[in-house]
Amino acid sequence: MEISAPAPAQLDQPWRTATLVAGGVAAVELVLLLIIGIALLSKPLSAQAKEAAVTRATGIAKVPSRPEPKSATLSRGETSVLVLNGNGIAGAAAVAASRVRARGYPIPVTGNAGQSYGQSVVMYRPGRLPEAKRLGADLGIRLVGPLDGIGLRQLHGAQVVVVLGT
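Residue positions are given per chain, counting from 1 as you read along its sequence in written order. With the structure being a predicted model, the display of local features is reserved for residues of pLDDT at least 70 and the display and counting of side-chain atom pairs for 80 or more, all residues being used for whole-chain, interface and lining totals. Excluding hydrogens and water, the side-chain figures rest on all heavy atoms present in the structure.

1. Remarks on the side chain of Arg134
Next, step 1: Turning to its location among the elements, Arg134 is positioned in helix α3 (residues 129-139).
Next, step 2: By the convention used here, residues are in contact when the closest approach between their heavy atoms is within 4.5 Å. Excluding residues that lie within four positions of it along the chain, Arg134 makes contacts with Ala72, Leu74, Ser75, Arg76, Thr79 and Tyr105. Counting from the N terminus, the helices are the DSSP runs of H or I reaching at least four residues and the strands are the DSSP runs of E reaching at least two.

And the structure:
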């Protein structure tokens, strides 16, 4: 009995098709992995590039900030408060300063804010967030944020600032 082998062209065709399909799937997977990798790496790299450009342009390197403490490190008697009138009502800062002083906070000076404020706010120096939150709770002021528009020289040594709004 004689058995004939199939022609070589018939054997190559299924193997070649399977190889091309597997290669195509691998190429698509590679492209998808590259896209995902670029997307994940581009955000941190662009932030670093932006920071490097700002440093190069200004010549000032960004100083790493310290995290805010979890609880107040100064007592009320050690937390100096600057009271500013941001509502335009004459004498409002003096009245508020007496309320703050009654809570045990020292008041080095009162004055007028450089602009009008629509809402009262407690602002704080870096590292004094817990003290500012405590003062805000004592006075019923819910808006607490870092110093904005007030320079360190204008604080007269105070750690926290109360700006009265309308």
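Moving on from the coordinates now.
2. What about the environment of Ala92?
Next, step 1: Considering the arrangement of structural elements, one finds Ala92 in helix α2 (residues 92-102).
Next, step 2: Residue classification places Ala92 among the buried residues on the basis of a relative accessible area of 15%.
Next, step 3: Measuring from C-alpha to C-alpha, the distance between Ala92 and Gly165 comes to 9.8 Å, with 73 residues separating the pair along the chain.
Next, step 4: Residues contacting Ala92, with those up to four places away along its chain left out, are Asn85, Asn87 and Leu164. When a residue's accessible area, from a 1.4 Å probe over protein chains only, is under 20% of the maximum for its type it is buried; when over 50% it is exposed; and in between it is partly exposed.

3. Comments concerning α3
Next, step 1: Counting buried positions over the 11 residues of α3 gives 9, a clear majority of the element.
Next, step 2: Among all positions in α3, only Leu129, Pro130, Glu131, Ala132, Arg134, Leu135, Gly136, Asp138 and Leu139 are buried.
Next, step 3: Elements in contact with the buried residues of α3: β1 (81-85), α2, β3 (121-124), β4 (144-146) and β5 (160-164).
Next, step 4: Just downstream of α3, Gly140 is the residue with a positive phi angle, here 75°.

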